[in-house]
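# Topology and contacts: notes
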Amino acid sequence: MMDVVGNNIANVNTAGFKSAQITFGEAMAQTLQGPAGAGLESGGTNPLQIGLGVQVASIDGVFTQGATQITGRPTDIAVQGDGFFILDDSGGRVYTRAGSFRWDESGNLVAPGGQLVQGWLADPTGAIQTQTAVTAINLPLSQVIDPVETTEVLVGGNLSADTAINDTHTTSIVVYDSLGDPQELLVEFEKTAANTWTASATMNGTNLTLSSTSVTFDSTGALTSAGTITVTGYTPPGAAAINIDLDLAGGSPLVQFGGSSSAESVDQDGNAIGFLTDFSIASNGTISGQFSNGETKVLAMIATATFNNPSGLIRAGETRFEASVNSGQPL
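A brief report on the enclosed structure follows. Note that the coordinates shown come from a computational prediction; the quantities given were computed from them, not determined experimentally.

Along the backbone of the protein chain there are one helix and 28 strands. Counting only C-alpha atoms, the protein chain reaches 130 × 50 × 35 Å along its principal axes. The buried share of the protein chain, reckoned over its 331 residues, is 35%. Across the protein chain, contacts joining residues at least 24 apart in sequence account for 53% of those joining residues at least 6 apart. With an accessible surface of roughly 18,000 Å², the protein chain has 51% of that area assigned to carbon and sulfur atoms. Charge centroids of the protein chain, computed over 9 positive and 31 negative side chains, lie 15 Å from each other.

Structural data, given as structure tokens:
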């Protein structure tokens, strides 16, 4: 008992440590006189036995939820409730509650002893297939997100009703070609009559072709012309031809009221190439990467395992456990 209690005390500050409790049982007993039943003239007698010592009946692990603490390290994680992190230790599987992990030089998520943390890697779309076998979590820093060509630009804001005839309002919109290179799209609105404007566009000094150049409004300032204008007519060096829809009637539609003109790009669906700059681990074990182009993508998910009988696990040192015939298989 002193060994068990002493070990519990020694590991009071060990992350992920699960204490043990000891149960005693009688070793055996010496019978001096056996029991006798009641007779016609006398009552029954109990056996006369002398105990001959004590023995350890069991030493069971206590796998209740421990206290959590903030460490400030983004790779320090804890399991809430039941379960164990799964580690690959030179081809063998071990399990731990201690989530003090780090990245190694190859981008592997590892335990302090170098064991590989197991989970699932996301497919190119960011989906996690948890029905497949677990594998080492590897996030190389060279990972990138492919660029996305701009195909739609939301244009909103105000074209001032106070603008004089033949005056213009120009807005600059950064879009991305098929190679992810930024291109400056200049859209000019020229007022040609009351409630009527003519749109034109250029890119790198090249005049672009618009599917419609007329932008009209009614007396309430609402857009009455085509809500989408398709822009074509320029091919960046080495990239595909530009083909962009200017959505004037989207979530923040273009209007014509008094005051100043503020028509501008509200949003566009393209992106430059993104390089992995940071990561975060969500409460469900999902690892997401933050990229230099502002995008976030699911990269992996950390797996956990549960056992029907955690007390049947074999302690393997360094707060690790191994499955045994009485722990059940990891689920």
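Turning next to the pattern of salt bridges. Applying the stated criterion across every chain yields a total of three salt bridges. The salt bridge involving arginine 320 is made with aspartate 89; its shortest N-O contact spans 3.9 Å. On the criterion of sequence distance, the pair formed by arginine 320 in strand 28 (residues 320-322) and aspartate 89 in strand 5 (residues 84-89) is long-range, its members being 231 residues apart. Since its relative accessible area comes to 11%, arginine 320 is described here as buried. Accessibility expressed as a relative area gives 28% for aspartate 89, which makes it partly exposed.

With that settled, consider the nonpolar core. With 25 residues, the main nonpolar core has Leu185, Phe189, Leu208, Val215, Leu246 and Leu254 as its most contacted residues. Of all the secondary structure elements, the ones that give two or more residues to this core are strand 12 (152-158), strand 13 (168-176), strand 14 (182-193), strand 15 (196-203), strand 19 (228-232) and strand 20 (244-247). Of the residues forming this core, the biggest block, four residues, is contributed by strand 15. Setting aside anything within four residues of it in sequence, one finds phenylalanine 189 in contact with Leu159, Asp167, Thr168, His169, Thr171, Trp197, Thr198, Ala199, Val215 and Leu254. In terms of nonpolar packing, the next biggest core, distinct from the first, is built from 19 residues, Val94, Phe101, Ile137 and Phe279 among them.

Moving on: the pairing of strand 6 (residues 92-96). Summarising the sheet, strand 5 and strand 6 pair through five bridges and their orientation is antiparallel. Residue pairing in the sheet places isoleucine 86 in a bridge with tyrosine 95 of strand 6. A loop of two residues connects strand 5 with strand 6, the two strands running antiparallel in sequence, and serine 90 in this loop sits at a positive phi of about 55°. Here two bridges tie strand 6 to strand 28, and the two strands are oriented antiparallel to one another.

Another point: the side chain of threonine 319. Secondary-structure assignment places threonine 319 in the loop between strand 27 (314-317) and strand 28. Apart from residues no more than four positions distant in its own chain, threonine 319 is found in contact with Thr14, Ala15, Gly16, Phe17, Tyr95, Thr96, Arg97 and Ala98.

A surface patch of nonpolar side chains, about 670 Å² in accessible area, is lined by Met1, Val5, Ile9, Phe24, Val54, Val56 and Ile59. Mapped onto the nonpolar patch, the elements with two or more residues apiece are helix 1 (2-10) and strand 4 (54-61). With a relative accessible area of 48%, isoleucine 59 lands in the partly exposed category.

Time to look at unusual backbone geometry. At serine 90, a residue that is not glycine, the phi angle is positive and equals roughly 55°. Using a relative accessible area of 77% as the deciding quantity, one classes serine 90 as exposed.

Another aspect to go through is the pairing of strand 15. Burial along strand 15 is one-sided: the face carrying Trp197, Ala199, Ala201 and Met203 is buried and the face carrying Thr196, Thr198, Ser200 and Thr202 is not. Here strand 14 pairs with strand 15 via eight bridges, running antiparallel. Paired with leucine 186 across the two strands is threonine 202, which belongs to strand 15. The antiparallel hairpin formed by strand 14 and strand 15 contains two residues in its connecting segment, where asparagine 195 sits at a positive phi of about 65°. Bridging between strand 15 and strand 18 (residues 214-216) involves three bridges; their strand directions are antiparallel. Its bridge partner lying in strand 18, threonine 198 is registered against serine 214. Bridge analysis of strand 15 against strand 16 (residues 206-207) gives two bridges, and the strand direction is antiparallel. Note on strand 16: the bridge partner recorded for methionine 203 is threonine 206. Here strand 15 hands over to strand 16 after two residues, with asparagine 204 in that stretch at a positive phi of 50°.

The description of an aromatic ring pair uses the distance of the two centres, along with the angle that the planes make with each other. Summed over the entire model, instances satisfying the criterion amount to seven aromatic pairs. Taking 5.8 Å as the distance between ring centres and 75° as the angle between the ring planes, the aromatic pair formed by phenylalanine 84 and phenylalanine 307 counts as edge-to-face. Taken together, the residues span a long stretch of sequence, with phenylalanine 84 in strand 5 and phenylalanine 307 in the loop between strand 26 (304-305) and strand 27 at a distance of 223 residues. Exposure class is identical for phenylalanine 84 and phenylalanine 307. Each is buried. The rings of Phe63, Phe84, Tyr95, Phe307 and Phe321 are connected pair by pair, giving a single aromatic cluster.

Definitions and cut-offs
- Residues numbered from 1 in each chain as written.
- Predicted model: local features only at pLDDT ≥ 70, side-chain atom pairs only at ≥ 80, totals over all residues.
- Heavy atoms only, no water.
- Helix = DSSP H or I, 4+ residues; strand = E, 2+ residues; numbered from the N terminus.
- Buried < 20%, exposed > 50% of the residue type's maximum accessible area, 1.4 Å probe, protein only.
- Contact = heavy atoms within 4.5 Å.
- Areas by Shrake-Rupley, 256 points an atom, 1.4 Å probe, with all protein chains shown as cover.
- Lys, Arg positive; Asp, Glu negative; His and termini not counted.
- Charge placed at Lys NZ, Arg CZ, Asp CG, Glu CD.
- Salt bridge = Lys/Arg side-chain N within 4 Å of Asp/Glu carboxyl O.
- Core = buried A, V, L, I, M, F, W, Y, C linked by side-chain atoms within 4.5 Å.
- Pairing = 2+ DSSP bridges.
- Patch = residues over 30% accessible without salt bridge, like charges linked within 9 Å, V, L, I, M, F, W, Y side chains within 5 Å.
- Phe/Tyr/Trp six-rings, centres within 6.5 Å; stacked < 30°, edge-to-face > 60°.

Everything listed is a geometric property; what it means functionally is a separate question.
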